[in-house]
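Geometric and topological summary
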Amino acid sequence: MSFLFSSRSSKTFKPKKNIPEGSHQYELLKHAEATLGSGNLRQAVMLPEGEDLNEWIAVNNFFNQINMLYGTITEFCTEASCPVMSAGPRYEYHWADGTNIKKPIKCSAPKYIDYLMTWVQDQLDDETLFPSKIGVPFPKNFMSVAKTILKRLFRVYAHIYHQHFDSVMQLQEEAHLNTSFKHFIFFVQEFNLIDRRELAPLQELIEKLGSKDR
């Protein structure tokens, strides 16, 4: 399965499978949406009392949100404009998924993000990793997989901020992008899901967003 983000294409990304209505994960998702509406993002990311951390991370995977954000600037992110997947001059990302592509390859940003979103979709659709049925436990490696997903999704934010923020401002989407990223960062910080070194490309912005919230 491959993703084409352009609105001009007849194909678009496939959103993550729906969480079954009435399931515990569905109730958790509703709780997450309700607390987000309060405007207090620090509070919104906290694990609800008595809930399972794996389930909370599973419903807060950020995939659809990042996919839609990238979809708004896809016409500006091309093989010509972004021949490498980067976040400014100091950070470059090469793709490997350990299965289809075992040795990291250098590729354009749109190609990298296509590989990435396809890989994330495959993880989310895997019932052994992200069980949607009531009573099915999460696997022992769930946290490790979730951390890898979030680490890689962060790179899409980093690429958008470093390479396409002018386009985001032209589209008047900066408030949406900033709120989405702030929610993402507060969430990964709350549960220590991404190594600080991985966050380096946007460290200044992260500190600014954090200080505004104090």
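Remember, predicted model here, so these are calculated numbers, not experimental data. (Residues numbered from 1 in each chain as written. Predicted model: local features only at pLDDT ≥ 70, side-chain atom pairs only at ≥ 80, totals over all residues. Heavy atoms only, no water.)

1. What to know about the UniProt feature "binding site: Zn(2+)" (unreviewed entry) in the chain
UniProt tags Cys-77, Cys-82, His-159 and His-164 as "binding site: Zn(2+)" (unreviewed entry). These residues run over 88 residues, yet every pair of their C-alpha atoms falls within 9.9 Å of each other. For Cys-77, the location among the structural elements is in the loop between helix H4 (63–73) and strand S1 (85–86). In this view, Cys-77 contacts Tyr-70, Cys-82, Ala-109, Pro-110, His-159 and His-164; residues no more than four positions away in its chain are not counted. Here Cys-82 shows up in the loop between H4 and S1. Once residues within four sequence positions are removed from consideration, Cys-82 is found in contact with Cys-77, Ser-108, Ala-109, Pro-110, His-159 and His-164. (UniProt positions renumbered as here; feature names shortened; annotations may be inferred. Helix = DSSP H or I, 4+ residues; strand = E, 2+ residues; numbered from the N terminus. Contact = heavy atoms within 4.5 Å.)

2. What to know about unusual backbone geometry
Of note in the backbone geometry, Phe-62 takes a positive phi value of approximately 70° without being a glycine. With respect to the helices and strands, Phe-62 occurs in the loop between helix H3 (53–59) and H4. In this model, Asn-192 sits at a positive phi of 50°, which is unusual for a non-glycine residue. By the element assignment, Asn-192 lies in the loop between helix H7 (174–190) and helix H8 (203–212).

3. As for the side chain of Asn-60
Following the sequence through the fold, Asn-60 ends up in the loop between H3 and H4. Within the structure, Asn-60 has its side chain in polar contact with the backbone oxygen of Trp-56 (distance 2.9 Å). (Polar contact = N/O pair within 3.5 Å; in protein donor to acceptor, adjacent residues only side chain to side chain.)

4. Section: helix H5 (residues 109–125)
Taking 1.5 Å as the rise per residue, H5 with 17 residues should run 24 Å; its terminal C-alpha atoms sit 24 Å apart, in good agreement. Summarising burial for H5: 13 of the 17 residues are buried, a large majority. (Expected span 1.5 Å × (residues − 1). Buried < 20%, exposed > 50% of the residue type's maximum accessible area, 1.4 Å probe, protein only.)

5. Section: the nonpolar core
Soluble globular proteins tend to bury their nonpolar side chains together. Counting residues in each nonpolar core, the largest one holds 58 residues, and the members touching the most others are Phe-154, Phe-181, Phe-184 and Ile-185. Of all the elements in the fold, those that place two or more residues in this core are H3, H4, H5, helix H6 (142–170), H7 and H8. The dominant element in this core, judged by the number of residues it contributes, is H6, at 13 residues. Those residues in contact with Phe-181, other than ones at most four positions away along the chain, are Phe-154, Tyr-157, Tyr-161, Leu-202, Leu-205, Ile-206 and Leu-209. (Core = buried A, V, L, I, M, F, W, Y, C linked by side-chain atoms within 4.5 Å.)

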